[in-house]
Amino acid sequence: MKTFYITNKFLGTKKHLMVTEDQFVWVDYLEHNSWTLDKDIFLNKSILYLSNLIGINEDFKIPLKYQNMCKTLSVSNISPFSLLPRHAFKSWLLEVCSRCRSVLKHFETDKYKLQIEKHMYIHQRISSCAINPKLYSKYKDLDDKNVISNFKSCELLTRKPEYRKIDTGRLTIKSGGNILILKKEFRNMFESTYNDGRLVMIDYNSLEPRVAASLANHSISKEDDVYESIDKKIYDQLGRSNFKILTMSILYGMSLRNLKNKWPDVENISEIYRAVTRHFKVNTVCRDIEREGKVYTPFGWKLKKSKHKSIYSHYVQSVGSDVCLSGFYNLIKILEEQKAKIKPVWLLHDALILDVHPGSFSILKNSLHVMTKNEVIKSAFPVKISLFR
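The following refers to the structure shown. (Residues numbered from 1 in each chain as written. Predicted model: local features only at pLDDT ≥ 70, side-chain atom pairs only at ≥ 80, totals over all residues. Heavy atoms only, no water.)

### With respect to the overall build of the chain
Within the chain, the secondary structure is distributed over 15 helices and 14 strands. Along the first, second and third principal axes, the C-alpha set of the chain runs to 75 × 55 × 45 Å. Counting across all 389 residues of the chain, residues that qualify as buried make up 50%. Considering only intrachain contacts with a sequence separation of at least 6, the fraction spanning at least 24 residues in the chain is 63%. Within the structure as shown, the chain displays about 20200 Å² of accessible surface, and the carbon and sulfur contribution to it stands at 48%. The positive charge centre, built from 62 side chains, and the negative charge centre, built from 41, are 3 Å apart in the chain. (Helix = DSSP H or I, 4+ residues; strand = E, 2+ residues; numbered from the N terminus. Buried < 20%, exposed > 50% of the residue type's maximum accessible area, 1.4 Å probe, protein only. Contact = heavy atoms within 4.5 Å. Areas by Shrake-Rupley, 256 points an atom, 1.4 Å probe, with all protein chains shown as cover. Lys, Arg positive; Asp, Glu negative; His and termini not counted. Charge placed at Lys NZ, Arg CZ, Asp CG, Glu CD.)

Written out as structure tokens, the structure is:
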């Protein structure tokens, strides 16, 4: 078992606790790049964030009766060491150590380990961007869903988001401002922290259809239109926009009956449904997936078993999410190596939001090629760059 640390801030003690396989040692300093349990999930190797990310959800809180006592007395922010009796603190600490070991053991044996390490590398580098105070106040009054208030950490900066994986393998935001559900017309309240800098969005083109094409062993170049390649006759008849919506609906598991109800004016909806499912070999891919018993994606993410069409859409979404994660990791790593003044701010499903210094735009553009190839899914995944607004 690896050595890990529990910080003095987490415990409320004067020193940190170093935990090895056979001993506990109180120390003054944390070893660099070691697994650490702390309230700050943005540490380089946060056990708490790792637990949330891989879905173990270990509870590191103090015993419930002491939590209830604090509520009764309206006491908050009191440390475990100060609150708990000596015997209770020792018992709780042993339980916390056991749960830390459980999280790390799960991580070390997880087939998804490499992707987890990539995600934590990115997450540790997530930075805040600036908020325009006038626009913030204006939009907050217009925000009927009360989303905007979750973004602000102080007068001028956004809160860093905390992510978690859901069953489909996609990322969602657990806490912090949820950029995924913020209205687009509110985005211009966010600004660069650099003078004359810009917030830039890098996103993948036609991600899920390209993943689906790869699973069906179709070769698609970066220049190819993945929708046109399905059926050019139908593509020309419907137009790209309509055919794209229909294709994505089918890939996400919509039944033929529901398609007919949603698009009653499209006469050949049955032909479109057959063309899409045949092109992407949906039934064949589903049988191959289900034949394995336990459903693991090529990246090692374990999916929960579900209905025939659902498992296909979850599989495609999960693989697409990890294509993005690998691409984001490759980009951030090379930008860091080149000492570019560029900071990641948010991860969207298939997009990365960056805070870019004006002197680093050329470095960014020249580095985008590292996102377009994936060592696991042998296909081309083109990206585009635009201002985040």
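### As for the sheet that holds strand β4 (residues 35-37)
If you walk across this open sheet you meet the four strands as β3-β2-β1-β4, and the pairing is mixed. Strand pairing shows two members of the sheet lacking a second neighbour, β3 (24-27) and β4, which therefore form its edges. The sheet shows a mean angle of 25° between the axes of neighbouring strands, direction not considered. Packing of helix α5 (residues 86-109) onto the sheet brings it into contact with β1 (4-6), β2 (16-19), β3 and β4, and relative to β1 it is tilted by some 140°. (Pairing = 2+ DSSP bridges. Axes fitted to C-alpha atoms, helices over the stretch in contact; angles between N-to-C directions.)

### Things to note about the nonpolar core
Counting residues in hydrophobic clusters, the biggest one holds 123 residues, and the most contacted among them are Ile6, Phe190, Trp346 and Leu364. The greatest single-element share of this core, amounting to 13 residues, is contributed by helix α14 (residues 308-337). For Leu364, the contacting residues outside a window of four places in its chain are Val200, Ile202, Leu331, Leu335, Ile342, Leu354, Val356 and Ile385. (Core = buried A, V, L, I, M, F, W, Y, C linked by side-chain atoms within 4.5 Å.)

### A word on α5
In this model α5 runs 35 Å from its N-terminal to its C-terminal C-alpha over 24 residues, within 8% of the 34 Å that 1.5 Å per residue would give. The complete set of buried residues in α5 reads Ala88, Phe89, Trp92, Leu93, Val96, Cys97, Cys100, Val103, Leu104 and Phe107. (Expected span 1.5 Å × (residues − 1).)

### Regarding the packing of helix α10 (residues 240-251) against helix α12 (residues 269-279)
At their nearest, the axes of α10 and α12 sit 10 Å apart, and the two run at 65° to each other. In the crossing of α10 with α12, the sense of the turn from one axis to the other is right-handed. Contacts between α10 and α12 involve Phe243, Leu246, Thr247 and Ile250 from the first element and Ile269, Ile272, Tyr273, Val276 and Thr277 from the second. The residue inventory of the contact of α10 with α12, partitioned by class, reads seven nonpolar, two polar and no charged. (Left-handed = near helix turned anticlockwise from the far one by under 90°. Nonpolar A, V, L, I, M, F, W, Y, C, P; charged D, E, K, R; others polar.)

### Concerning unusual backbone geometry
For Asn146, which is not a glycine, the phi torsion comes out positive at approximately 55°. Relative to the helices and strands, Asn146 resides in the loop between α7 (133-142) and β6 (162-165).

### Regarding the packing of aromatic side chains
Inspection of every chain in the model, using the stated rule, returns 13 aromatic pairs. For the ring pair Tyr121 and Tyr329, a centre distance of 5.1 Å and an interplane angle of 70° mean the geometry is edge-to-face. In this pair, Tyr121 sits in helix α6 (residues 113-125) while Tyr329 sits in helix α14, placing the two residues 208 residues apart along the sequence. The burial state of Tyr121 is the same as that of Tyr329; both residues are buried. Summarising the aromatic geometry, the rings of Tyr204 and Phe328 are spaced 6.2 Å apart at their centres and angled 45° between planes, so their arrangement reads as tilted. In this pair, Tyr204 is assigned in strand β9 (residues 198-204) and Phe328 in helix α14, connecting sequence segments 124 residues apart. In this structure Tyr204 comes out as buried when scored by relative accessible area, which is 4%. In this structure Phe328 comes out as buried when scored by relative accessible area, which is 3%. In this structure, Arg125 packs its charged tip against the face of Tyr121, placed 3.5 Å from the ring centre. (Phe/Tyr/Trp six-rings, centres within 6.5 Å; stacked < 30°, edge-to-face > 60°. Lys NZ or Arg CZ within 6 Å of the ring centre and 35° of its normal.)

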